[in-house]
Amino acid sequence: MSLLALAQASASTSTSSSSDTELDAQIDFSTMLMQRQRELSGWFGCGSKMQPDQVEDQGYYLEQFVLGVLDFSSQYGIEYSISYTAANVIGRPSKFPNYGDYPETFTMRTYGDWWQLAPSATREIQPQNLPKLATHDYIVVYFEDYVVPTEVAIFETFNPGAVIRIWAYGLTKHWTCLWEALDTDLTAPTPRNSRRFAPTLKKTTMITKTIRIDFNHSRLNYYTEIDAIMLCGRTVSGRLIQSILGEQARATKSLSPLSKMASGQMAGSITCKLQSLEFKPNFREKSDTSLHEFISNDLGKFMMDNRLEDPLASVSAPAAEAVPPGMCVTDLPFEIILKILSYLDLKSLFRVGRVSRTFYDISTHPLLYAELNLKPYWLVASSELLCTLARRATMLRKLDLSWCGGSNEISPTEFKKFLTQRGDNLTHLRLNSCKFLNASCIENVGIVCDNLIELSLRNCATDPPLLNFSCLANLKNLERLDLFQTAFDTELLLSMLEGNRKLKHLNLAFCGVSVNMDDVADHLATYNTQLVSLDLWKAHFLSARGLLAISRCSQLEELDLGWCLREASLGDGLFQLLSNCPKLRKLFLSAVRGTTERDLIHIATLGKNLEQLDLMGILNITHERIYDILVHCPKLQLLDLSFCENIMEREFDVLAEWSRQFKVDIKSSRIFDTR
């Protein structure tokens, strides 16, 4: 399911004051993908008009591996490390066909649905827009040579089975889905087997060297790892590429307004449609008879050329054949129709607006656009789309533009214009992995969106810091701030924490080595005592002193300290945390090597409400302490014991039995069936 957006070039630029009242005639989302599919099947797809000319230029069969990574949504490793990062998919497989956990592979941040069951989980904006198999993560890679793709092979070396879509970016600057999984395809693969996954691709003659892989982790038992990606296909000559680009440019330029409307590219007022049809009566010399002559000489031709019905045809029909009028949808109360349309996804909403003028007026009602989620429509989101939505979303409250604008379809200028027009009432703003963001965009957010209670900027900036938090000084009502894998300055962050004392959810994972997390912890304990969830995954410079400060946030229900506590001993930090935070439901201590047997006893005796506990890589854990935790934490659902060196091979069978006995999903270095 994709949002179809196709821009009609504006004759002149409108002022901001008139844009709200101007009829929406710029974009029709409901047919853009179909038009793109027609373009691909016509010029670049199967049955292409250019195919006879391509035979001599088909080139040779080529297998090539990734040359570079353009974009990704998350990774397990950090940028300045080579372990578990997206860059590890570059080149030939280094571990395949071996099966196991290898730092030289690409690993994403989550697995299963555990993160959606945690207190920090967010509700999707406009969930009706989501496909049946939602994308949780993605990676975009490019190769050296253009080819007509015949195969994409993904080398999975650990817990395979998360790939759900394969996309290609063609010379037409459009994304095309080459393969999509069915719900039945997400079955649990056989453990301890690597996989060369190469599904049958959609037949096409499009030309590409850029591939995007979508992942869904919901049925993964543990983290999946990708060793390499291979693109196979026939090469094409430079002459053919130039020829195709020229043909495409001429086809786009010569496409008449009439053909655009016939293909569904035009929508809007009757005036705009008539203009697009070049509605120009053939006036003769005498102006007083021009209308008569048009009706006599030109009206029939005009209607035939544009495939319009004769308005007099219904008059000549026998009265006996007339169908008695009955009740239709438009006879329902306006509020009922509005409620019905509120269940439609954005693409269907735009389609409804093409049925009639009545439905157009209803489908453009501002209440239907109070929440906008363009994340599922990343492939067609554009500046023109924002311009059209700005006309409709006059009551906008929640906006998700995550993953949009990756190929420069959205300009920073158009984004700032949209925010200026519609951002003053925004309460939720999600801009995860938005590559069009710059310092000016962030400044505009701080100036305009002063009613925000949620701001998500995941994976938006690297070193040097792009974000200037001083521009966000106006934000005083934040309850959720997500800066996952986004670089920032410590002092500016501290001032922001001080100004938002209602903060409940804070994500500072992968925040960079320049941030002193002890100072952040002190600020949280002083100004943000209502904190419910805190993610410090791989955040450096947090010591036992910082842990003691965090323990003063007594409302905590979720805390992720994975890979960020490197001290030999935690002191009384963990005891104080468990004693002062009785509501704690999720506690991740991945690779916190200072965890002692005494700390594990505290977890068993004080963690009565724990539902998720991650002890991956803990050195001093024994099966006695594991049993104590299982017995005394009755709400426990997830226990990660992977790579705990003290757990011997002979104890894995015991863990499997305990997993069934206590109905807890126990993760260990050896995979077993917990059913």
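As shown above, the structure is provided for reference.
Being a predicted model, the structure only gives us computed values, none of them experimental. The residue count restarts for each chain, going from 1 along the sequence in the order it is written. At least 70 in pLDDT is required for a residue's local features to be given in this predicted model, at least 80 for side-chain atom pairs to be given and counted, and no such filter applies to totals for whole chains, interfaces and linings, which use all residues. No hydrogens and no water enter the side-chain calculation; it runs on all heavy atoms of the structure.

S.K.: Give me unusual backbone geometry: which residues, what numbers.
M.R.: Residue Pro97 follows Phe96 across a cis peptide bond; omega there is 15 degrees. In this text, helices come from DSSP runs of H or I with a minimum length of four residues, and strands from runs of E with a minimum of two, each type numbered from the N-terminal end. Among the secondary structure elements, Pro97 is positioned in the loop between strand S2 (68-72) and strand S3 (106-107). Positive phi values are uncommon outside glycine, yet Tyr84 reaches one of about 60 degrees. Relative to the helices and strands, Tyr84 is located in the loop between S2 and S3. Partly exposed residues are those whose accessible area sits between 20% and 50% of the maximum for their type, while under 20% is buried and over 50% is exposed, using a 1.4 Å probe and protein chains only. Judged by its relative accessible area of 13%, Tyr84 falls in the buried class. Positive phi, normally seen in glycine, also occurs at Gln126, with a value near 50 degrees.

S.K.: With reference to specific residues and values, describe the pattern of salt bridges.
M.R.: What makes a salt bridge here is a side-chain nitrogen of Lys or Arg within 4 Å of a carboxyl oxygen of Asp or Glu, nothing more. Going through the model one piece at a time under the given rule, you end up with 23 salt bridges. In this structure, Asp361 engages Arg357 in a salt bridge whose closest nitrogen and oxygen atoms are separated by 3.3 Å. In this pair, Asp361 and Arg357 are both assigned in helix H11 (residues 357-363), four residues apart and thus about one turn of the helix distant. A relative accessible area of 40% places Asp361 in the partly exposed class. The salt bridge involving Glu558 is made with Lys586; its shortest N-O contact spans 3.4 Å. With Glu558 in strand S17 (residues 558-560) and Lys586 in strand S18 (residues 586-588), this pair connects stretches of sequence that are 28 residues apart. We note that Glu558, like Lys586, is buried. Counted as one network, the salt bridges with shared partners bring together Arg123, Glu371 and Lys398.

S.K.: I'd like to hear about helix H14 (residues 439-448), residue by residue, with values.
M.R.: Along an α-helix, a turn takes 3.6 residues, which lines up residues three or four apart on a common side. When we look at burial in H14, the residues that qualify are Cys441, Ile442, Asn444, Val445, Gly446 and Val448. Where the residues of H14 are buried, they touch helix H13 (412-422), strand S12 (428-430) and strand S13 (454-456). Distance and chemistry together define a polar contact, namely a pair of N or O atoms within 3.5 Å, with one atom able to donate a hydrogen and the other to accept it when in protein, and with adjacent residues in sequence counting only for side-chain atoms on both sides. The distance from a side-chain oxygen at the start of H14 to the backbone nitrogen of Ser440 is 3.1 Å, and the residue carrying that oxygen is Asn438. By definition in these notes, contact holds between two residues if any of their heavy atoms fall within 4.5 Å.

S.K.: Go over helix H16 (residues 517-527), please, and point to the residues and values.
M.R.: For H16, the complete set of buried residues consists of Met517, Asp518, Val520, Ala521, His523, Leu524 and Ala525. Among the structural elements, helix H15 (490-499), strand S15 (505-507), strand S16 (533-535) and helix H17 (544-550) are those in contact with the buried residues of H16. Capping the start of H16 is the job of one residue whose side-chain oxygen sits 3.1 Å from the backbone nitrogen of Asp518: Asn516.

S.K.: Go over the packing of aromatic side chains with me, naming the residues and quoting the values.
M.R.: Any Phe, Tyr or Trp ring, taking Trp's six-membered ring, that has another such ring centre within 6.5 Å forms a pair; planes under 30 degrees apart are called stacked, those over 60 apart edge-to-face, and the others tilted. This model, assessed by the stated rule, comprises 21 aromatic pairs. Ring centres of Tyr99 and Phe158 lie 5.5 Å apart, and the angle between their planes is 50 degrees; on these two criteria the pair is classed as tilted. Of this pair, Tyr99 sits in the loop between S2 and S3 while Phe158 sits in strand S4 (residues 137-158); the two residues are 59 residues apart in sequence, bridging distant segments of the chain. Phe158 matches Tyr99 in its accessibility class, with the two residues each being buried. An aromatic cluster is built from Tyr76, Tyr84, Tyr111, Trp115, Tyr222, Tyr223, Trp537 and Phe588, whose rings are joined through pairwise contacts. Geometrically, a lysine NZ or arginine CZ counts as sitting over a ring once it is within 6 Å of the ring centre and also within 35 degrees of the ring normal. Above the face of the Trp537 ring, Arg109 is positioned so that its terminal group lies 3.7 Å from the ring centre.

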